[in-house]
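# Residue-level structure breakdown
Residue strings, one per chain:
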Amino acid sequence: MLMEKERELIAEYGRKMSTDGLSRGTAGNISIYDPALGYMAISPSGLGYFDTEPADVVVCTLDGKVVDGTRKPSSEYGLHAGFYKTKADQGCLSIVHTHSDYATTLACMGEPIRAVHYVIATLGLHEIPVAPYTTFGTPELARLAVETCKEGRAVLLANHGVVTFAPTLAKAYSQAGNIESLAKTQWQCMAAGRMNVLSKEQIDDVLERFKTYGQKPASGGQQNSY
Ligand SMILES: [Zn+2]
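About the criteria used
- Residues numbered from 1 in each chain as written.
- Predicted model: local features only at pLDDT ≥ 70, side-chain atom pairs only at ≥ 80, totals over all residues.
- Heavy atoms only, no water.
- Helix = DSSP H or I, 4+ residues; strand = E, 2+ residues; numbered from the N terminus.
- Buried < 20%, exposed > 50% of the residue type's maximum accessible area, 1.4 Å probe, protein only.
- Axes fitted to C-alpha atoms, helices over the stretch in contact; angles between N-to-C directions.
- Parallel < 35°, antiparallel > 145°, perpendicular 65-115°, else oblique.
- Left-handed = near helix turned anticlockwise from the far one by under 90°.
- Contact = heavy atoms within 4.5 Å.
- Nonpolar A, V, L, I, M, F, W, Y, C, P; charged D, E, K, R; others polar.

## A short note on unusual backbone geometry
- You will see that Met3, though not glycine, has its phi angle at about 50°, which is positive.
- Within the element layout of this structure, Met3 appears in the segment before helix 1 (4-19).
- Since its relative accessible area comes to 7%, Met3 is described here as buried.
- In this structure, Lys150 takes a positive phi of about 50° despite not being glycine.
- For Lys150, the position within the fold is in the loop between helix 4 (139-149) and strand 7 (154-157).
- For Lys150, a relative accessible area of 53% translates into the label exposed.

This is how it looks when you write it as C-alpha coordinates:
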(Lines give C-alpha, C1' and ligand atoms only; values in the text may rest on other atoms or scores of the structure.)
Protein backbone atom coordinates (compact mmCIF):
# COMPACT_ATOMS: atom_id res chain seq x y z
CA MET A 1 0.00 0.00 0.00
CA LEU A 2 1.50 3.32 -1.09
CA MET A 3 2.07 5.89 1.69
CA GLU A 4 0.91 3.37 4.28
CA LYS A 5 2.11 5.29 7.34
CA GLU A 6 0.49 8.51 6.11
CA ARG A 7 -2.81 6.72 5.42
CA GLU A 8 -2.82 5.28 8.93
CA LEU A 9 -2.23 8.74 10.38
CA ILE A 10 -5.04 10.27 8.31
CA ALA A 11 -7.51 7.57 9.46
CA GLU A 12 -6.40 8.08 13.07
CA TYR A 13 -6.59 11.89 13.00
CA GLY A 14 -9.95 11.78 11.20
CA ARG A 15 -11.43 9.93 14.17
CA LYS A 16 -9.70 12.33 16.53
CA MET A 17 -11.17 15.29 14.63
CA SER A 18 -14.67 13.89 15.25
CA THR A 19 -14.17 12.97 18.92
CA ASP A 20 -12.52 16.34 19.63
CA GLY A 21 -15.56 18.11 18.17
CA LEU A 22 -13.68 19.75 15.30
CA SER A 23 -15.80 17.97 12.70
CA ARG A 24 -19.26 16.44 12.36
CA GLY A 25 -20.24 13.71 9.91
CA THR A 26 -18.13 13.87 6.79
CA ALA A 27 -17.26 17.58 7.07
CA GLY A 28 -13.61 18.57 6.81
CA ASN A 29 -10.66 16.69 5.39
CA ILE A 30 -7.02 15.88 6.04
CA SER A 31 -4.01 15.28 3.80
CA ILE A 32 -0.27 14.63 3.87
CA TYR A 33 2.04 15.41 0.93
CA ASP A 34 5.18 13.50 -0.01
CA PRO A 35 7.24 15.85 -2.20
CA ALA A 36 9.67 13.06 -3.21
CA LEU A 37 6.81 11.00 -4.67
CA GLY A 38 4.78 14.02 -5.77
CA TYR A 39 1.69 12.37 -4.25
CA MET A 40 -0.66 13.34 -1.47
CA ALA A 41 -2.64 10.99 0.75
CA ILE A 42 -6.07 12.50 1.41
CA SER A 43 -9.24 11.48 3.23
CA PRO A 44 -11.90 9.99 0.92
CA SER A 45 -15.00 11.83 -0.24
CA GLY A 46 -18.24 11.34 1.69
CA LEU A 47 -17.10 8.60 4.08
CA GLY A 48 -17.57 9.01 7.85
CA TYR A 49 -14.32 9.19 9.83
CA PHE A 50 -15.22 6.18 11.96
CA ASP A 51 -15.77 4.16 8.77
CA THR A 52 -12.46 5.24 7.22
CA GLU A 53 -9.69 2.63 7.30
CA PRO A 54 -6.17 3.35 6.03
CA ALA A 55 -7.02 1.55 2.75
CA ASP A 56 -9.91 3.99 2.22
CA VAL A 57 -7.52 6.94 2.26
CA VAL A 58 -6.72 7.92 -1.32
CA VAL A 59 -3.26 8.54 -2.76
CA CYS A 60 -3.37 10.91 -5.72
CA THR A 61 -1.31 13.37 -7.71
CA LEU A 62 -1.71 17.10 -7.14
CA ASP A 63 -3.97 17.07 -10.21
CA GLY A 64 -6.31 14.60 -8.52
CA LYS A 65 -5.33 11.49 -10.48
CA VAL A 66 -5.74 8.51 -8.15
CA VAL A 67 -2.60 6.35 -8.01
CA ASP A 68 -3.60 4.08 -5.12
CA GLY A 69 -6.97 3.50 -3.47
CA THR A 70 -10.48 2.50 -4.46
CA ARG A 71 -12.30 5.57 -3.15
CA LYS A 72 -12.81 9.01 -4.63
CA PRO A 73 -10.52 11.65 -3.06
CA SER A 74 -12.08 14.40 -0.95
CA SER A 75 -13.98 16.94 -3.05
CA GLU A 76 -11.49 19.50 -1.71
CA TYR A 77 -8.40 17.75 -3.13
CA GLY A 78 -7.84 20.83 -5.35
CA LEU A 79 -7.82 23.09 -2.28
CA HIS A 80 -5.16 20.90 -0.64
CA ALA A 81 -3.14 20.67 -3.88
CA GLY A 82 -3.24 24.45 -4.27
CA PHE A 83 -1.45 24.83 -0.93
CA TYR A 84 1.11 22.10 -1.65
CA LYS A 85 1.92 23.69 -5.01
CA THR A 86 2.49 27.17 -3.61
CA LYS A 87 3.40 26.92 0.09
CA ALA A 88 6.33 24.46 0.03
CA ASP A 89 8.70 27.22 1.20
CA GLN A 90 6.45 27.71 4.26
CA GLY A 91 6.73 24.04 5.26
CA CYS A 92 3.36 22.95 3.89
CA LEU A 93 3.45 19.12 4.04
CA SER A 94 0.17 18.41 5.81
CA ILE A 95 -3.23 20.12 5.78
CA VAL A 96 -6.23 20.03 8.08
CA HIS A 97 -9.48 21.57 6.84
CA THR A 98 -12.41 21.76 9.26
CA HIS A 99 -15.84 23.36 9.61
CA SER A 100 -15.27 23.74 13.37
CA ASP A 101 -18.07 25.71 15.03
CA TYR A 102 -16.52 28.97 16.20
CA ALA A 103 -14.01 29.37 13.38
CA THR A 104 -16.86 28.85 10.92
CA THR A 105 -19.06 31.31 12.80
CA LEU A 106 -16.43 34.05 12.40
CA ALA A 107 -15.90 33.03 8.76
CA CYS A 108 -19.66 33.43 8.20
CA MET A 109 -19.46 36.92 9.74
CA GLY A 110 -16.55 37.83 7.44
CA GLU A 111 -14.59 38.43 10.63
CA PRO A 112 -10.85 37.60 10.70
CA ILE A 113 -9.50 35.87 13.81
CA ARG A 114 -7.61 38.59 15.64
CA ALA A 115 -4.85 38.52 18.22
CA VAL A 116 -7.20 38.20 21.18
CA HIS A 117 -4.76 35.68 22.66
CA TYR A 118 -1.02 35.29 22.09
CA VAL A 119 -1.49 31.67 20.93
CA ILE A 120 -2.38 33.07 17.50
CA ALA A 121 1.40 33.28 17.02
CA THR A 122 1.45 29.46 16.64
CA LEU A 123 -0.09 30.14 13.23
CA GLY A 124 2.86 32.36 12.32
CA LEU A 125 0.87 35.58 12.09
CA HIS A 126 -1.11 38.15 14.07
CA GLU A 127 -4.41 37.81 12.22
CA ILE A 128 -6.08 34.95 10.33
CA PRO A 129 -7.70 36.46 7.23
CA VAL A 130 -10.97 35.47 5.54
CA ALA A 131 -10.92 34.34 1.90
CA PRO A 132 -13.96 35.49 -0.12
CA TYR A 133 -16.81 33.01 -0.56
CA THR A 134 -17.04 30.74 -3.54
CA THR A 135 -18.44 27.24 -4.14
CA PHE A 136 -16.75 24.34 -2.35
CA GLY A 137 -14.55 22.00 -4.37
CA THR A 138 -13.78 24.55 -7.11
CA PRO A 139 -10.38 25.71 -8.44
CA GLU A 140 -11.55 29.24 -7.63
CA LEU A 141 -11.81 28.35 -3.92
CA ALA A 142 -8.26 26.96 -3.96
CA ARG A 143 -6.99 30.12 -5.67
CA LEU A 144 -8.74 32.51 -3.27
CA ALA A 145 -7.67 30.53 -0.18
CA VAL A 146 -4.00 30.39 -1.21
CA GLU A 147 -3.91 34.07 -2.21
CA THR A 148 -5.58 35.23 1.00
CA CYS A 149 -3.39 33.06 3.24
CA LYS A 150 -0.18 34.96 2.36
CA GLU A 151 2.64 34.42 4.90
CA GLY A 152 0.61 32.67 7.63
CA ARG A 153 -0.30 29.02 8.07
CA ALA A 154 -4.08 29.41 8.29
CA VAL A 155 -6.97 31.01 6.44
CA LEU A 156 -10.72 31.20 7.06
CA LEU A 157 -13.02 30.43 4.14
CA ALA A 158 -16.08 32.70 4.13
CA ASN A 159 -19.34 30.85 4.88
CA HIS A 160 -17.42 27.57 4.91
CA GLY A 161 -14.63 26.82 7.42
CA VAL A 162 -10.89 26.99 7.94
CA VAL A 163 -7.68 25.58 6.45
CA THR A 164 -4.36 25.22 8.26
CA PHE A 165 -1.06 23.59 7.27
CA ALA A 166 2.24 22.57 8.86
CA PRO A 167 5.26 20.31 8.28
CA THR A 168 3.52 17.42 10.11
CA LEU A 169 -0.06 16.28 10.60
CA ALA A 170 0.35 16.43 14.39
CA LYS A 171 1.27 20.08 14.14
CA ALA A 172 -1.44 20.98 11.61
CA TYR A 173 -3.99 19.24 13.81
CA SER A 174 -2.79 21.08 16.90
CA GLN A 175 -3.12 24.36 14.98
CA ALA A 176 -6.71 23.48 13.98
CA GLY A 177 -7.49 23.09 17.70
CA ASN A 178 -5.76 26.39 18.53
CA ILE A 179 -7.75 28.16 15.81
CA GLU A 180 -11.05 26.87 17.20
CA SER A 181 -10.06 27.92 20.71
CA LEU A 182 -9.02 31.40 19.50
CA ALA A 183 -12.26 31.78 17.55
CA LYS A 184 -14.29 30.80 20.61
CA THR A 185 -12.43 33.30 22.79
CA GLN A 186 -12.92 36.04 20.20
CA TRP A 187 -16.61 35.21 19.86
CA GLN A 188 -17.03 35.42 23.64
CA CYS A 189 -15.24 38.80 23.70
CA MET A 190 -17.47 40.06 20.89
CA ALA A 191 -20.59 38.79 22.64
CA ALA A 192 -19.51 40.57 25.83
CA GLY A 193 -18.90 43.74 23.82
CA ARG A 194 -15.26 44.20 24.76
CA MET A 195 -12.07 42.93 23.15
CA ASN A 196 -8.45 43.94 23.62
CA VAL A 197 -6.44 42.92 20.57
CA LEU A 198 -2.67 42.48 20.81
CA SER A 199 -0.58 44.55 18.41
CA LYS A 200 1.56 43.14 15.61
CA GLU A 201 4.66 44.09 17.65
CA GLN A 202 3.38 42.14 20.66
CA ILE A 203 2.80 39.08 18.49
CA ASP A 204 6.24 39.50 16.90
CA ASP A 205 7.69 39.33 20.44
CA VAL A 206 5.80 36.07 21.04
CA LEU A 207 7.11 34.65 17.75
CA GLU A 208 10.65 35.52 18.87
CA ARG A 209 10.06 33.78 22.22
CA PHE A 210 8.63 30.65 20.57
CA LYS A 211 11.98 30.14 18.84
CA THR A 212 13.59 29.17 22.15
CA TYR A 213 10.56 27.88 24.10
CA GLY A 214 9.98 24.33 25.37
CA GLN A 215 11.55 20.92 24.83
CA LYS A 216 13.32 19.94 21.67
CA PRO A 217 10.95 17.37 20.13
CA ALA A 218 12.28 13.80 19.91
CA SER A 219 10.49 13.45 16.59
CA GLY A 220 8.97 16.01 14.23
CA GLY A 221 5.46 15.22 15.39
CA GLN A 222 5.62 16.49 18.95
CA GLN A 223 4.13 19.84 19.83
CA ASN A 224 5.32 22.23 22.47
CA SER A 225 2.62 23.44 24.83
CA TYR A 226 2.51 27.14 25.46
ZN1 LIG B 1 -15.13 22.20 3.65
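After presenting the structure, the write-up continues.
## Considerations on the packing of helix 1 against helix 5 (residues 169-192)
- Orientation of helix 1 relative to helix 5, taken along the N-to-C sense of each, is 15°, at an axis distance of 11 Å. In this view, helix 1 runs roughly parallel relative to helix 5, as classed from their interaxial angle. Seen from above, helix 1 lies across helix 5 with right-handed handedness. For the pair helix 1 and helix 5, the contacting residues are Leu9, Ile10, Tyr13, Lys16 and Met17 in the first and Leu169, Ala170 and Tyr173 in the second.
- Looking at the contact of helix 1 with helix 5, its residues break down into seven nonpolar, no polar and one charged.

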